[in-house]
Amino acid sequence: MKNIVLSGVVAALLVFSGCSSKGPAVDTKAVNNNPVKEVVPTTTTTTTQEVQPVETETVLSEDNSSVNSSVNSSTSESTMNSIESKLPTIYFAFDKYNITPDMEEKIDAAAVIGKKSASAYKVKLEGNCDEWGSDEYNFALGLRRANAVKKALVADGIDASRISMISYGKSNPVCTAHTRACWAKNRRVNFELLP
Amino acid sequence: MKILFLLFLLFNIAYAGDATIEVVKKADSLPTLAIEDSSISYDHTFKLKFFKALVADLNVISLFNVDRHYQTVPYNDSSVLVADKDMKYVLRYKIFEDDNDAMNIQMKLLQNDNEVFSKNYRVNRKDIYVFVSHAIAYDINEYMGAKPVSWMKKKVIFAKVVAPKKSEIIIADYTLTYQHIIIQGGLNLFPKWANQAQTAFYYTSLDDDKPTLKYINIKTASVKSIISSDGMMVCSDVSNDGNHLLLTMAKDGQPDIYLYDVKKHTYKRETSYSGIDVDGQFMNEETIAFVSSRLGYPNIFTKNLLTNEINQVVYYGKSNVACSASGHYIVYKARESSKTFSQNTFNLHLVSTQTDFIRRLTATGVNEFPKFSKDGDAIIFVKNYKGQSSIGIIRLNLNKNFLFPIKSGRIQSMDW
């Protein structure tokens, strides 16, 4: 009879425990001392802190707020976050990345903010998708949406070098119900200001 | 007239009978196999879990008509249980814990009360028992002289989104029974094995300033950044020798496919369509398959890397958004209906670039993330149907699909 030790199986299942939000922290001690012995990943504070659902109210507040409603606040009082909260969310149709006329108006308003109160900041455009479709294709779709917004902002006079983009595909939903209204909320581009 | 009617009725009955007999014949055509448990350690719940895993694995190798009745018997009994006397084969095993708390398994295959094959296994922890079950099935398959099922011993790596912008990367066995979180925290997606030995893997980190491709060597526990791109960065496939990667990057917001040389740290742009080109998959050293929206909707194309010739390979499906390739075969995911939302069926299909051959591989639900095994013998995928997600294994040569329910969470991407 042959004796088979399945250490290879275990060796490949090494544990990286205690991850920060910036990447995995590697437990090299566990790896080097005994590759067979596995250390159960500890629940780090990162994990508990990470569950941070995006507020769906963001959409509603954005819809109700006028771009000019807070203009009377002085620039000195405008923190990056407060300016960011005034930036719109741009929504898209299913499987599309072209900008509809009503969304063009919102981008124009965002460009005004970008040239005034947010002129000191860079902006990151975050492309997002609903839950339909393959992930890699969806990521590309989210990126094309961000790129469409970028082009519109540049056409409105925003310097392209101030704009970066990222796509989250369907991994950053603001709404998780399986309804049309919910999917529509997720097909969007968000603005994030960067110092 | 009555006679004619009677004859017609008799013909119908006879025809229906034949169909039934045919099905029975197929089921009976495989040799029977019973399983006898002789374990002396661990509780009944664990013993039953191991038994179920073994039944499932033996079903997947598709060499036996496996009896699913759980039975116990002393390991050294000279004959099989009375209930198993008519069985062609009996698989008897004994699980016991040694002084080092390791799990040991003795196994023997009996035919006519004679031992025809045996092997011993040992693992340091019992929670990875399912790998022993896979190993037993693999070894019996090999003993029976069937085509190797190496994929059965391979590990699956997958990403799961647990909250907005938060994910986990998990390593599992091929049924996802055993799962181990290997990266926790942040948004890390699209894991891909970096080599066939599965000692390292690539993944996309979205926590840096730009989407960054990272590499983790599991043996040395080192993490290094490979390349970044504004907007999007995905490792879609790794060549068999591990020396080349197919990346989707988005220079200037334009998602295209790039061929990355691992040793030289250089890359070459392989597509330049103004729409979407993603999901590059190596077919062989010269040809890749990929998903492109160049016809106005996502579809599957191939590109010869030497001649730059691009061909459409799929003429079926309204939205073909994902693919995997092995040799001249491509499996792809197609939307079967035109409804924008809900009730859509996404099925997997198999096509060949050498013939007009096309075969539907799934029938119901949303089937996604198809991935060939390295030897092309099987395809792993995820099926979502009636609120249940399952991991699926398609045995192409046997024309059979096997499903293993997934306990929790939706998979973002997967590699095998």
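This text follows the structure it describes.
Residue indices begin from 1 for each chain and proceed along its sequence in written order. Each chain takes a letter, starting from A, and each ligand takes a number, starting from 1, following the order in which they are written. A pLDDT threshold of at least 70 governs which residues receive local features in this predicted model, and a stricter bar of 80 or more applies before side-chain atom pairs are shown or counted, although totals over entire chains, interfaces and linings include all residues. Only hydrogens and water are set aside when side-chain values are computed; all heavy atoms of the structure are taken into account.

In terms of helices and strands, chain B carries three helices and 30 strands. Taking the principal axes of its C-alpha atoms as reference, chain B extends roughly 80 × 70 × 40 Å. When the 416 residues of chain B are sorted by exposure, 58% land in the buried category. Summarising the internal contacts of chain B: among those between residues at least 6 apart in sequence, 39% fall at separations of at least 24. Here the open area of atoms and residues is found with the Shrake-Rupley method and a 1.4 Å probe, where only the protein chains shown may cover a residue. Carbon and sulfur atoms make up 51% of the accessible area of chain B, which amounts to about 17800 Å² in all. Within chain B, the 43 negative side-chain charges are centred at a point lying 4 Å from the centre of the 49 positive side-chain charges. To qualify as a helix, a DSSP run of H or I must reach at least 4 residues; to qualify as a strand, a run of E must reach at least 2; elements of each kind are numbered from the N terminus. Burial classes: relative accessible area under 20% of the type maximum marks a residue as buried, over 50% as exposed, and values in between as partly exposed (1.4 Å probe, protein chains only). The contact criterion used throughout is that any non-hydrogen atoms of two residues lie within 4.5 Å. His is not counted here, nor are the chain ends, while Lys and Arg score as positive and Asp and Glu score as negative. The atoms used to mark charge sites are NZ of Lys, CZ of Arg, CG of Asp and CD of Glu.

Glancing now at the packing of aromatic side chains. All names here are of chain B. What counts as a ring pair is set by centres within 6.5 Å for rings of Phe, Tyr and Trp (its six-membered ring), and what kind of pair is set by the plane angle: stacked under 30 degrees, edge-to-face over 60, tilted for all other angles. Inspection of the entire model under this criterion finds 18 aromatic pairs over all chains. A ring pair is formed by Phe201 and Tyr203, whose centres lie 6.0 Å apart and whose planes are at 45°; its orientation type is tilted. You'll find Phe201 and Tyr203 in the same group, each marked buried. Put simply, the rings of Tyr42, Phe46, Phe50, Tyr93 and Tyr129 touch in pairs and so form one group of aromatic residues. Counting as a charge over the ring demands two things of the Lys NZ or Arg CZ atom: a distance within 6 Å of the ring centre and an angle within 35 degrees of the ring normal. Here the basic side chain of Lys224 rests over the ring of Tyr215, its NZ or CZ set 5.2 Å away from the ring centre. Above the ring of Phe301, the side-chain terminus of Arg294 is found at 5.7 Å from the ring centroid.

On to the environment of Gln179 of chain B, then. All names here are of chain B. Assignment of secondary structure puts Gln179 in strand 9 (residues 179-184). Under the relative-accessibility criterion, Gln179 is labelled partly exposed at 33%. The contacts of Gln179, once residues within four sequence positions are left out, are Phe158, Ile170, Ile171 and Ala172. Polar contacts, as used here, are pairs of N or O atoms within 3.5 Å; protein pairs need one atom able to donate a hydrogen and one able to accept it. Residues neighboring in sequence count only if both atoms are side-chain atoms. Here Leu176 takes part through its backbone oxygen, which lies 3.1 Å from a polar atom of the side chain of Gln179.

Turning next to the environment of Gln196 of chain B. All names here are of chain B. Tracing the backbone shows Gln196 in the loop between strand 10 (188-193) and strand 11 (200-205). Through-space distance from the C-alpha of Gln196 to that of Gln388 is 31 Å; in sequence the pair is 192 residues apart. The contact partners of Gln196, leaving out residues within four places of it in the chain, are Lys154, Asn240 and Lys374. For Gln196, the side chain forms a polar contact with the main-chain oxygen of Asn240, separated by 3.2 Å.

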